[in-house]
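Remarks on the overall topology
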Amino acid sequence: MTTKADDRPVILWFRQDLRLADNPALNHAAETGRPIIPVYILDQGSRVRPMGAASLWWLDKSLRALDAALRERGARLILRRGDSEAELLRLVAETGADAVHMNRLFEPDAFARDADIAHALQAEGVDCKGWNGTLMCRPGGVLNGSGQPYKVFTPFLKALLATAEPPPHTTGPRAVATPSGLASDDIDRWGLHPTRPDWSGGFDWTPGEAGASQALSAFIAKGLKSYSVGRDRPGEAATSRLSPHLHFGELSPWRAIGAARDAVSAGKVPAAEADKFIAEIGWREFSAHLLHAFPRMTAEAFRPEYDAMPWRDDAAGLRAWKRGQTGYPVVDAGMRELWATGIMHNRVRMIVASFLIKHLLIDWREGERWFWDALVDADLGSNVQNWQWVAGSGADAAPYFRIFNPVTQGQKFDADGRYVRRWVPELRGVPDRWLHAPWTAPPEVLRDARVRLGADYPRPVVDHDVARKRALDALATVVAGRAAEGD
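This section reports on the structure supplied with the text. This structure is a prediction, so every number in the text was calculated from the model and none was measured.

**Focus on the overall build of the protein**
Each helix and strand counted, the protein has 20 helices and 5 strands in total. Principal-axis analysis of the C-alpha atoms places the extent of the protein at approximately 85 × 60 × 50 Å. The buried share among the 487 residues of the protein stands at 55%. Of all intrachain contacts in the protein linking residues separated by at least 6 positions in sequence, the fraction that spans at least 24 positions is 79%. Accessible surface for the protein amounts to roughly 21300 Å². Of this, 51% is attributable to carbon and sulfur atoms. Of the side-chain charges in the protein, 61 are positive and 61 negative, and the distance between the mean point of each set is 4 Å.

Here it is, written out as structure tokens:
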């Protein structure tokens, strides 16, 4: 392909920024006045962690939505599959492009890979320009008084909100000119949607930028008003459901924050509720900044002494946990919700994680891997940070000795049993009094509810008091080892 110097196209490399509004890479590419080649490369190679199955389901729909939006502006999304560097260099050779614009990824492996790609492109005379279109500010943009990354969330959030400035809202160019004749993969042949079996039948989502905008509007209109309380009630539709849209970049975090602040200014939402929601976005930011600064977090405990935890090899317990067959109703409800919908309520995520780590004494990394594969909002920084938070091994983590009692957690946050009855229907007839601990119900109650423990619903895989003592004993070995090292 031969082009004049001033007509050479620029490549717009989409990754976790699958939107046209508030997209700095797109805006800067459009400012060149040159033709734009929008491309997405499915790179499931060894340099970065491959996406899990639920994320691939989401990606399939999000890419289709992005392509449709580009076609409305006169362009189309070019799809390629393989090694990112090789595919970009091939596209440069095919088109004569002399620049690549992208929104940066800050996960350590992706960040290092992108730096290598930039050097390879520059060696071929191609300028590689990176922008921040995924976070409120770039990692390293918020540091403590010693010039070091924050390890405690509250001062991080305070500094972030005091220093990070929201960029102006943009809708993207009205027209995008893409050269014709470029080869593109057929997304249907990528096989991102599951088959044999299709386990996604219960996925009630609308991936894509339009779906993100709708979800944001619905949350601002309903859930945000009582967010601080509703977000802890799994039986209520009170969470934002924005996490997968934020992860795939269908929605800018600043757009979500701006909508919440606008609702406060309009007198529609209490400021405290908006602040709580913004703090949750800040936690996502904190996780990303931590992971960028401390890349070992994906494989090792942030607090190294916790890598001495005497984890158990319990294949049967892990299998029961994954399948929602632990005998603890709120735990099982959460794990079944995850499998059926690709998401799990925030409060229940903490309960099921605590159960795996502390009741079963199974390494948090096993749970993190399962969530990575099963969650549509699987985000490396958030996933690793949240699991380490529960395990007590992370930065600003909950102490390990805080062991959730799944019975009392269910009774407190699902008092009417709406959540458990939805996801554990075999217990639907058990009265509220016994629902979260059916093994304590009198025989006649279980008979009337048509529940046979051990047949219709499992007995608990572990006794809470026994598990609690075992977890605390395990913690004692870590504490003793740390003391010995100090000596």
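**A short note on the nonpolar core**
Nonpolar side chains tend to gather and get buried jointly when the protein is soluble and globular. The biggest cluster of nonpolar side chains holds 101 residues, and the ones touching the most others in it are Phe277, Trp321 and Phe371. Here this core gets 9 residues from one element, more than from any other, and that element is helix H10 (residues 271-293). With residues up to four places along the chain from it excluded, the contact list for phenylalanine 277 reads Phe219, Leu224, Tyr227, Ser240, Leu242, Ala256 and Ala260. Core analysis: the next-biggest nonpolar cluster, separate from the first, contains 33 residues, Phe14, Leu20, Tyr40 and Leu59 among them.

**Things to note about the packing of aromatic side chains**
One pass over the full model with this rule turns up 22 aromatic pairs. Look at tryptophan 58 and phenylalanine 248: their rings are 6.2 Å apart centre to centre, the planes differ by 15°, and that puts the pair in the stacked class. Note that tryptophan 58 is positioned in helix H2 (residues 53-72) and phenylalanine 248 in the loop between helix H8 (243-247) and helix H9 (253-265), a separation of 190 residues in sequence. Of the two residues, tryptophan 58 and phenylalanine 248, neither departs from the other in class, the shared state being buried. With a centroid separation of 6.1 Å and an interplanar angle of 75°, the aromatic rings of tryptophan 321 and tryptophan 387 are classed as edge-to-face.

Thresholds, definitions, all that
Residues numbered from 1 in each chain as written. Predicted model: local features only at pLDDT ≥ 70, side-chain atom pairs only at ≥ 80, totals over all residues. Heavy atoms only, no water. Helix = DSSP H or I, 4+ residues; strand = E, 2+ residues; numbered from the N terminus. Buried < 20%, exposed > 50% of the residue type's maximum accessible area, 1.4 Å probe, protein only. Contact = heavy atoms within 4.5 Å. Areas by Shrake-Rupley, 256 points an atom, 1.4 Å probe, with all protein chains shown as cover. Lys, Arg positive; Asp, Glu negative; His and termini not counted. Charge placed at Lys NZ, Arg CZ, Asp CG, Glu CD. Core = buried A, V, L, I, M, F, W, Y, C linked by side-chain atoms within 4.5 Å. Phe/Tyr/Trp six-rings, centres within 6.5 Å; stacked < 30°, edge-to-face > 60°.

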